[in-house]
Amino acid sequence: MAEKTINNIGVMTSGGDAPGMNAAVRAVVKTACKSGIEVFAIYQGYKGMVEGGDMIKRMTSDDVGGILHKGGTALGTARCHRFREREGRLIAAKNLVERKIDNLVIIGGDGSLTGANIFREEWQDLLNELVEKNEINREQADRHPKLKIVGLVGSIDNDLSGTDMTIGADTALRRIIDAIDAISSTAASHERTFVVEVMGRNCGYLALFSAIATGADYVLIPEQPPVADNWGKTMCDYLAEGRKAGKKKSLVIVAEGAIDKHGNPIKSTDVVEKLKEHLKVDVRLTILGHVQRGGSPTAFDRYMSIVLGYAAVKHLIDSDDEESKIIGLQKNKVTALSLMKSIEKTRSIAQYIKEGNFSKAIELRGGYFGDELKTFKTLAQAFPSKDKQTDGKLNLIVLNAGSLAPGMNAAVRTTVRMALESGHNIYGVQNGFKGLVEGDFRPMDWMEVEDWASEGGSFLGTNRMLVEGSNFYEMAKNMEKWKIDGMIVIGGSTAYVNAYRMFQRKSDFPAFDIPSVCIPATINNNLPGTDFCIGSDTALNNIVDAIDKIKESAVATTRTFVVEVFGRYCGFLAQLSGLATGAERVYIHEKGIHLKDLQEDVKMLVERFKEGKRLGLVIRNEFANKIYTTNFLSSLYEEEGGDVFDVRQAILGHLQQGGTPSASDRVLATRLSVKAVDFIERNINSDEKSYIGVGFKDGKLKEEKIENLPRQVSLEYFRPKEQWWENLSEINDTFK
Ligand code: ADP
């Protein structure tokens, strides 16, 4: 890393706390220390900056040990009225200059970031005034001509323009869907109506995405108020229709900032009243409140915060900004954006909502917010809309293939409903390609998949059978018999390889000459054309949760854990869980394992333990190396660790695949399935019927021809030739 090139850095958390803030602070401190830059923690946000003294403390890498998995913020956060006044900022400037700090990493919401920008703009004036008042000398002032600001957005609402995700939003979504899943099971048992209020004063992100992820029936958000004046009646009629069609429960999600079309607040208690008034049912209200803010951050919030914290320090070292910047994620890439432009855009959304210009507000939300809203509405219906039925009714099949991936059921649910919404027939094929060979088809209907959004496992059944020989003839015969016009396969490499084989046999079997789509679903995240596969986020969270527990089991000893994770030949799960749990070393097949590295790694770990380290963590991908197995590594570390530490190994196995899918996996499943049905409808009349894989890459929905498979993946090891996450090992190396 570069030698010290800049003055000292101050890092602080401010405003509302958000899970993941600790991971960001840890990354800032570790990156700065490794770069030879002095770094100071400023406790309790601007309050600490104004108070000075012990509230601004020099940090070493060891000071940020043990905080990565913790919710909240270890640095504390407070509101500070004094900083809103120039007087307060003057004292803050003095406190910074005295510690040679002129670089700040501020982790907070739009209020904190706005304050930071004002501070930066005033900086020179403040220093001049301090010189005039003899609080600092001219030399000190001259040494710090500029204050550099980098902001990281910490906000569970995901309400800031310019970054795809804010720190804490993914965790909040996890808390919400966990709570709603629990509520849904009791609601269904009693055939009850539930109203759940979630956070989001100006932003419906948490409400909308949790509604999609849990298969809710109705959602009220600030960006799209109900069209009817009598919104209560409309909502109740809609829910009553659902009950009549066979729904066992009704679930309404209300964003804290929901409004009617005139801008009047719709409170969750108003919703309850309307339900009681019009439906005369027993309604239960749950206001989730601070549960959403609390608890351990998700895998995503941890690794994103680490990546952003690392990038923030790099940015301070490398760039010469004339304005304050936000480091955020855009299209899955770390990006530096103008802080004030992002905040202005964010505020303009709130203004558009105030003015009743809702379509503009939705447009500015960006991403796929508007599309998701439309999708939610379709999925929440009690039956397919009569007016949308097309003339060209198609017969489609949907199947799962490959190993189990949490989120497969959510994908089938959306596929079935989207197909039925367009008036097609859709058949579920049992047990993957085995069912296709054996003709195990059954028509699926709307209500059958009602509760599938949140369920783990695969209700259609899945296996790793690869088609060959007479299988092709059998499949073609069945597809002809059922007059199949299009195929959607949700699965991993098995799905892609089988689809590729069918595509190659199109000229032999006309039944295969139909538009076909693979939806990537595998915990290994080893498929081409997508940054994320359905199931990989859940698996990552399963791993991180397990490792948190494993680490806690070692409190009274000095111990190193060697943990083996899934992934086949793809190191995604190992690399990302390594980042998210603070592993000292990650072994993946992509990088190989070499004797020289092993010697260095063991030596490094022994030294660290001698310096006071109490816990070591090494993660090994299951197929990282044939010879250097997990057993081998454990024995090696045990032997070389001598008296300094003992070693335990944990092979995590199938717990990685189990459990309910994460919110991200459910949302991804929904997005990709909409795209899959849409592709079949678009491709049905073209001369050349295509086989494609859909994906979400660089923040966009993508289609990739299956015939490109041999060019995009290394077939020997089945993983994409280019993987976006591989350079993240640079961060592991910096921190180790
Ligand atoms: P958030 O950062 O979560 O939006 P707040 O709006 O409460 O939270 O801001 C946190 C702190 O940032 C405030 O207590 C104050 O010290 C500082 N701050 C916010 N807005 C400004 C401003 N316009 N000027 C100066 N400081 C501000």
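Residues numbered from 1 in each chain as written. Predicted model: local features only at pLDDT ≥ 70, side-chain atom pairs only at ≥ 80, totals over all residues. Heavy atoms only, no water.

Draft legend 1. Summary view of the state of the cysteines. Applying the stated rule across the entire model yields 0 disulfides. Not engaged in a disulfide, the cysteine Cys 518 finds its nearest cysteine sulfur in Cys 533; these two sulfurs lie 11 Å apart. Take Cys 518: its relative accessible area is 2%, and that puts it in the buried class. The cysteine Cys 533 is free of any disulfide, with Cys 570 supplying the nearest cysteine sulfur at 8.2 Å. (Disulfide = S-S within 2.5 Å. Buried < 20%, exposed > 50% of the residue type's maximum accessible area, 1.4 Å probe, protein only.)

Draft legend 2. How the structure looks around empty space enclosed by the protein. Taken as a whole, this structure holds 3 cavities of 30 Å³ or more when the rule is applied. In terms of lining residues, the largest cavity is bounded by Gly 402, Ser 403, Arg 464, Gly 492, Ser 493, Thr 494, Thr 522, Asn 524, Asn 526 and Arg 568. In the lining of the largest cavity, the residues fall into no nonpolar, 8 polar and 2 charged. Taken as a whole, the second largest cavity holds about 60 Å³ of empty space. Lining the second largest cavity are Tyr 496, Pro 528, Gly 529, Gly 693, Glu 704, Lys 705, Ile 706, Leu 709 and Gln 712. Of the residues in the lining of the second largest cavity, the class split is 4 nonpolar, 3 polar and 2 charged. (1 Å grid on protein atoms, 1.4 Å probe; cavity = no way out; pocket = protein on both sides within 12 Å on 5 of 7 lines; lining within 4 Å. Points joined across faces, edges and corners; volume = space filled by probe spheres on them. Nonpolar A, V, L, I, M, F, W, Y, C, P; charged D, E, K, R; others polar.)

Draft legend 3. Broad picture of the packing of helix H21 (residues 595–610) against helix H22 (residues 630–641). At their nearest, the axes of H21 and H22 sit 10 Å apart, and the two run at 45° to each other. Here H22 runs oblique to H21, going by the angle between their axes. For H21 against H22, the interelement crossing comes out right-handed. Counted together, Leu 598, Asp 601, Val 602, Leu 605 and Val 606 of H21 and Phe 632, Leu 633, Leu 636, Tyr 637, Glu 640 and Gly 641 of H22 form the full contact between these two elements. The residue inventory of the contact of H21 with H22, partitioned by class, reads 8 nonpolar, 1 polar and 2 charged. (Axes fitted to C-alpha atoms, helices over the stretch in contact; angles between N-to-C directions. Helix = DSSP H or I, 4+ residues; strand = E, 2+ residues; numbered from the N terminus. Parallel < 35°, antiparallel > 145°, perpendicular 65-115°, else oblique. Left-handed = near helix turned anticlockwise from the far one by under 90°. Contact = heavy atoms within 4.5 Å.)

Draft legend 4. Up close: the packing of aromatic side chains. Taken as a whole and assessed by the stated rule, the structure comprises 21 aromatic pairs. Aromatic pair Phe 300 and Tyr 303: ring centres 5.4 Å apart, planes at 75°, arrangement edge-to-face. Placement of the pair is Phe 300 and Tyr 303 together in helix H11 (residues 299–318), with a separation of 3 residues, close to one helical turn. Each member of the pair, Phe 300 together with Tyr 303, is buried. Taken together, the ring pairs connect Tyr 46, Phe 83, Phe 119 and Trp 123 into an aromatic cluster. In this structure, Arg 505 packs its charged tip against the face of Phe 472, placed 4.8 Å from the ring centre. It is Arg 671 that lies over the ring of Phe 696; its NZ or CZ is 4.7 Å from the centre. (Phe/Tyr/Trp six-rings, centres within 6.5 Å; stacked < 30°, edge-to-face > 60°. Lys NZ or Arg CZ within 6 Å of the ring centre and 35° of its normal.)

Draft legend 5. Spatial organisation of the domain arrangement of the chain. We note that the domain assignment places domain 1 (8–166 + 297–330), domain 2 (169–292), domain 3 (395–533 + 664–704) and domain 4 (537–659) within the chain. Here the C-alpha centroids of domain 1 and domain 2 sit 37 Å apart. On the domain 2 side, the residues contacting the 12 residues of domain 1 number 12 residues. Roughly 990 Å² is buried in total at the junction of domain 1 and domain 2, and carbon and sulfur atoms are behind 60% of that figure. In terms of surface lost to domain 2, no three residues of domain 1 exceed Ile 156, Asp 157 and Thr 298, which account for 53% of the buried area on that side. There are 0 salt bridges connecting domain 1 and domain 2. Counting the contacts that link domain 1 with domain 2 gives 5 residue pairs in polar contact (both at pLDDT 80 or more). The class makeup of the residues in the side of domain 1 that touches domain 2 is 5 nonpolar, 4 polar and 3 charged. (Domains from an automatic or database assignment. Buried area = accessible area lost by both parts, 1.4 Å probe. Salt bridge = Lys/Arg side-chain N within 4 Å of Asp/Glu carboxyl O. Polar contact = N/O pair within 3.5 Å; in protein donor to acceptor, adjacent residues only side chain to side chain.)

Draft legend 6. Spotlight on the site of the ligand. What surrounds the ligand is a group of 15 residues, the closest being Arg 79, Cys 80, Gly 109, Gly 111 and Ser 112. Residue Gly 16 places a main-chain N or O atom 3.2 Å away from an oxygen atom belonging to the ligand. A distance of 2.7 Å separates an oxygen atom of the ligand from a polar atom in the backbone of Cys 80. Here the ligand loses 83% of its free accessible area of 550 Å² to cover by the protein chains. (Near = heavy atom within 4 Å. Areas by Shrake-Rupley, 256 points an atom, 1.4 Å probe, with all protein chains shown as cover.)

Draft legend 7. Seen up close, a negative patch on the surface. Taken together, the side chains of Asp 62, Asp 63, Glu 607 and Glu 611 make up a negatively charged region of the molecular surface. By secondary structure assignment, the location of Asp 63 is in the loop between strand E3 (56–59) and helix H3 (81–84). (Patch = residues over 30% accessible without salt bridge, like charges linked within 9 Å, V, L, I, M, F, W, Y side chains within 5 Å. Lys, Arg positive; Asp, Glu negative; His and termini not counted. Charge placed at Lys NZ, Arg CZ, Asp CG, Glu CD.)

Draft legend 8. Quick peek at the pattern of salt bridges. Enumeration according to the criterion identifies 42 salt bridges in this entry. Across the pair Arg 417 and Glu 450 runs a salt bridge whose closest N-O atoms are separated by 2.8 Å. A residue pair is termed long-range when its members are at least 10 positions apart, and Arg 417 in helix H15 (residues 408–421) and Glu 450 in the loop between strand E14 (441–443) and helix H17 (471–481) qualify at 33 residues. Each member of the pair Arg 417 and Glu 450 is classed as buried. Here the salt bridges share partners, and the residues they tie into one network are Asp 217, Lys 247, Arg 417 and Glu 450.

Draft legend 9. Looking closely at the environment of Ile 619. Note on placement: Ile 619 falls in strand E19 (residues 615–621). Under the relative-accessibility criterion, Ile 619 is labelled buried at 0%. Aside from chain neighbours lying at most four places away, what touches Ile 619 is Ile 547, Val 563, Val 565, Ala 574, Ser 577, Gly 578, Thr 581, Ala 583, Arg 585, Val 586 and Tyr 587.

Draft legend 10. Representation of the side chain of Ser 155 in the model. By the element assignment, Ser 155 lies in the loop between strand E5 (148–153) and helix H7 (169–190). Within polar-contact distance, the side chain of Ser 155 engages the side chain of Asp 159 at 2.8 Å. The residues touching Ser 155, leaving out its near neighbours within four places in the chain, are Ala 18, Thr 166, Ile 167, Gly 168 and Ala 169.

Draft legend 11. Representation of the sheet that holds strand E21 (residues 691–697). With mixed pairing, 7 strands are arranged side by side in an open sheet as E14-E13-E12-E15-E16-E21-E22. Two strands lie at the open edges of the sheet, namely E14 and strand E22 (700–705), each paired on one side alone. Within this sheet the neighbouring strands show an average axis-to-axis angle of 25°, counted without direction. Where E21 lies against E22, 6 bridges are found, and the strand directions are antiparallel. Across the sheet, residue Phe 696 finds its bridge partner in E22, namely Leu 701. Across the sheet, H15 touches strand E12 (395–401), strand E13 (425–429), strand E15 (486–491) and strand E16 (516–520), and the angle it forms with E12 is around 175°. (Pairing = 2+ DSSP bridges.)

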